Amino acid sequence: MSDLRVTTRNARFQQWEALLGNRTKRQRTGEFLVHGVRPITLAVEHGWPLSALLYPAGRRLSKWAGELLDTVRTTRVSMDPDLLAELGEKEDEAPELIAVAQLPPDDLDRIPVPEDFLGVVFDRPASPGNIGTIIRSADAFGAHGVIVAGHAADVYDPRTVRASTGSLFALPVVRAESAGNVLEWIRAQPVTVRIVGTDEHGTAVVDRHDLTGPTLLVVGNETAGMSNAWRAACDDVLSIPIGGAASSLNAANAASIVLYEVARQRRL
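Being a predicted model, the structure only gives us computed values, none of them experimental.

The rules behind each value
Residues numbered from 1 in each chain as written. Predicted model: local features only at pLDDT ≥ 70, side-chain atom pairs only at ≥ 80, totals over all residues. Heavy atoms only, no water. Helix = DSSP H or I, 4+ residues; strand = E, 2+ residues; numbered from the N terminus. Rg over C-alpha atoms; globule rule 2.2 N^0.38 Å. Buried < 20%, exposed > 50% of the residue type's maximum accessible area, 1.4 Å probe, protein only. Contact = heavy atoms within 4.5 Å. Areas by Shrake-Rupley, 256 points an atom, 1.4 Å probe, with all protein chains shown as cover. Lys, Arg positive; Asp, Glu negative; His and termini not counted. Charge placed at Lys NZ, Arg CZ, Asp CG, Glu CD. Pairing = 2+ DSSP bridges. Axes fitted to C-alpha atoms, helices over the stretch in contact; angles between N-to-C directions.

K.L.:
Can you walk me through the overall build of the protein in this structure?
P.N.:
A count of helical and extended segments in the protein gives 10 helices and 12 strands. Rg of the C-alpha trace for the protein: 20 Å, near the compact-globule value of 18 Å for 268 residues, within the 12% margin. The 268 residues of the protein split such that 53% are buried. Partitioning the intrachain contacts of the protein with sequence separation of at least 6 by distance along the chain shows that 76% fall at a separation of at least 24. Carbon and sulfur atoms make up 47% of the accessible area of the protein, which totals about 12,700 Å². Both charge centroids of the protein, one from 27 positive and one from 33 negative side chains, sit 3 Å from each other.

Right, dumping it as structure tokens:
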């Protein structure tokens, strides 16, 4: 482990600052920032590679922060609290720790495909928050991985990481360029996987459809829904019956409902 000190807006600080809002910089450096006790804890628990841990200079730290600084083998950076507050996107007080995490490879084979496979594809999502919420729900309801397909918001945007509440580090999440890449991968698996789409005009109702077999659940873009390629690839398209004045459900909410139904059926 090595120790650094940052007291000015030097080149290293500016590089980390760019990771907050610049997707290209995140991709080029292969790093992103992680805020919050639970996300950082889960990143460490799941062996996620960390480039650095940043902490406020001259401040008494909690037992949690102190133990991580003592045990995680990475660069430790003592930073001026005002500068750390900027990286933490906080106006009042610097966070105890910020982690600089490394991006994993976008390799679909990181996702296991067992006999009870459940995977989620989010097709061209526009909202980082929705990506994070779906990752969190997929983790909660037993999915084996999440794929973010096509031109989409960034999986490693700070808003995505926060919305996932750390599940990003517990579940394989992979970016794929197109539906074709994902379909080639899933069809090459030894397990036969049914592709199930979600749409308000689906041909079957979710709670009347058997979801106990190997399943790849496709959630469409928040505005446009599933692309033509995904719609054509689906074996089934399911709808969620709703009432009231709502005309539709948020994509992340709809995905969470279907994931719960999968988990419910599989428990029974």
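K.L.:
Quick question: what am I supposed to make of the sheet that holds strand β2 (residues 31–35) here?
P.N.:
To summarise the sheet geometry, strands pair through backbone hydrogen bonds and adopt either a parallel or an antiparallel arrangement. Read across the sheet, five strands follow the order β1-β4-β3-β5-β2 without closing on themselves; strand pairing throughout is mixed. In this open sheet, the two strands that pair with only one neighbour each are β1 (3–6) and β2. Strand after strand, the sheet turns through a mean of 25 degrees between neighbouring axes, direction not considered. Where strand β3 (residues 50–56) lies against strand β5 (residues 98–102), four bridges are found, and the strand directions are antiparallel. Looking at the pairing, L53 lines up with A99 of β5. This element, helix α1 (residues 11–21), spans β1, β2, β3, β4 (75–79) and β5 of the sheet and lies at about 75 degrees to β2.

Everything listed here is a matter of coordinates, which is why it stays silent on function.
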